[in-house]
Amino acid sequence: MNIINATTENFDQLVLQSKGSVIVDFWATWCGHCTTMLPIVESIIADHPEVTLVKVNVDEQPALAMRYEVNVIPTLLFVKDGSIQHTTIGDQTKEYLESLL
């Protein structure tokens with residue numbers, strides 16, 4: 001399973017310069033909905049090993065949250081070959097999230 005924690009220093013390399021599909025998960029430890037969504041997102045990554053999960057803790061990386069105008073968490077960005085294709089906010093089903101890949 002490809003799960004990487006991003007910082008402002010490595011985000012561009014991990015996400016924007018990446019070839020293939022990346023899901024960026026903006027989250028926080030205190031966020032109940034983030035806790036609910038994590039097993040769903042991890043299940044998607046397990047079922048799709050070609051997809052990388054990049055996690056951004058908004059409390060530790062507020063500049064990234066501001067850069068992508070993340071005001072509500074969890075927010076997921078679906079990125080393909082460095083280009084943001086879709087954004088979701090809040091709880092989503094696995095089926096819906098997989099349809100965005």
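Every value quoted in this text rests on a predicted model; they were computed, and no experiment measured them.

## A closer look at the overall build of the chain
Regarding its fold elements, the chain presents four helices and five strands. Mapped from its N terminus to its C terminus, the chain presents α and β elements in the order β-α-β-α-β-α-β-β-α. Whereas a compact globule of 101 residues would reach a radius of gyration of roughly 13 Å, the chain reaches 12 Å, a difference of no more than 12%. Each of the three principal axes of the chain carries a C-alpha extent, and together these read 30 × 30 × 20 Å. Sequence separation of at least 24 residues holds for 72% of the intrachain contacts in the chain that already meet a minimum separation of 6. With 5 positive and 13 negative side-chain charges, the chain shows a separation of 7 Å between the mean positions of the two kinds.

## Focus on the state of the cysteines
Per the stated rule, a full pass over the model turns up one disulfide. With a sulfur-sulfur separation of 2.5 Å, Cys31 is cross-linked through a disulfide to Cys34. Because the torsion about its S-S bond is 80°, the bridge between Cys31 and Cys34 counts as right-handed. Neither Cys31 nor Cys34 differs from the other in exposure class; each is buried.

## Digging into the UniProt feature "active site" (unreviewed entry) in the chain
Summarizing the sequence annotation, UniProt attributes the feature "active site" (unreviewed entry) to Cys31 and Cys34 in the numbering used throughout. Secondary-structure assignment places Cys31 in the loop between strand S2 (21-27) and helix H2 (32-47). The contacts of Cys31, once residues within four sequence positions are left out, are Ile73 and Pro74. Locating Cys34 in the fold gives a position in helix H2.

## Some words on the UniProt feature "site: Deprotonates C-terminal active site Cys" (unreviewed entry) in the chain
Under the UniProt annotation, the feature "site: Deprotonates C-terminal active site Cys" (unreviewed entry) is placed at Asp25. Note on Asp25: relative accessible area 4%, which makes it buried. Among all residues touching Asp25, those that are not within four sequence positions of it are Leu53, Val54, Lys55, Val56, Pro74, Thr75 and Leu76.

## A word on the environment of Ile89
If you trace the backbone, Ile89 turns up in strand S5 (residues 83-89). Put simply, Ile89 and Glu42 are 47 residues apart on the chain and 17 Å apart in space, counted from C-alpha to C-alpha. Discounting residues that sit within four places of it in the chain, Ile89 has contacts with Val72, Pro74 and Thr75.

## Notes on the packing of aromatic side chains
Taken as a whole and judged by the stated rule, the model has two aromatic pairs. Between Phe11 and Tyr68 the ring centres are 5.3 Å apart and the planes differ by 45°, which places this aromatic pair in the tilted class. Placement of the pair is Phe11 in helix H1 (residues 11-16) and Tyr68 in the loop between helix H3 (62-67) and strand S4 (75-80), with a sequence separation of 57 residues. A centroid spacing of 6.3 Å and a plane angle of 45° characterise the contact between Phe26 and Tyr68, whose relative ring orientation is tilted. Here Phe26, found in strand S2, pairs with Tyr68, found in the loop between H3 and S4; they are 42 residues apart in sequence, far enough to count as distant. By relative accessible area, which is 0% here, Phe26 ends up buried. A connected cluster of aromatic rings, assembled from ring pairs, spans Phe11, Phe26 and Tyr68.

Procedures and definitions
- Residues numbered from 1 in each chain as written.
- Predicted model: local features only at pLDDT ≥ 70, side-chain atom pairs only at ≥ 80, totals over all residues.
- Heavy atoms only, no water.
- Helix = DSSP H or I, 4+ residues; strand = E, 2+ residues; numbered from the N terminus.
- Rg over C-alpha atoms; globule rule 2.2 N^0.38 Å.
- Contact = heavy atoms within 4.5 Å.
- Lys, Arg positive; Asp, Glu negative; His and termini not counted.
- Charge placed at Lys NZ, Arg CZ, Asp CG, Glu CD.
- Disulfide = S-S within 2.5 Å.
- Buried < 20%, exposed > 50% of the residue type's maximum accessible area, 1.4 Å probe, protein only.
- UniProt positions renumbered as here; feature names shortened; annotations may be inferred.
- Phe/Tyr/Trp six-rings, centres within 6.5 Å; stacked < 30°, edge-to-face > 60°.

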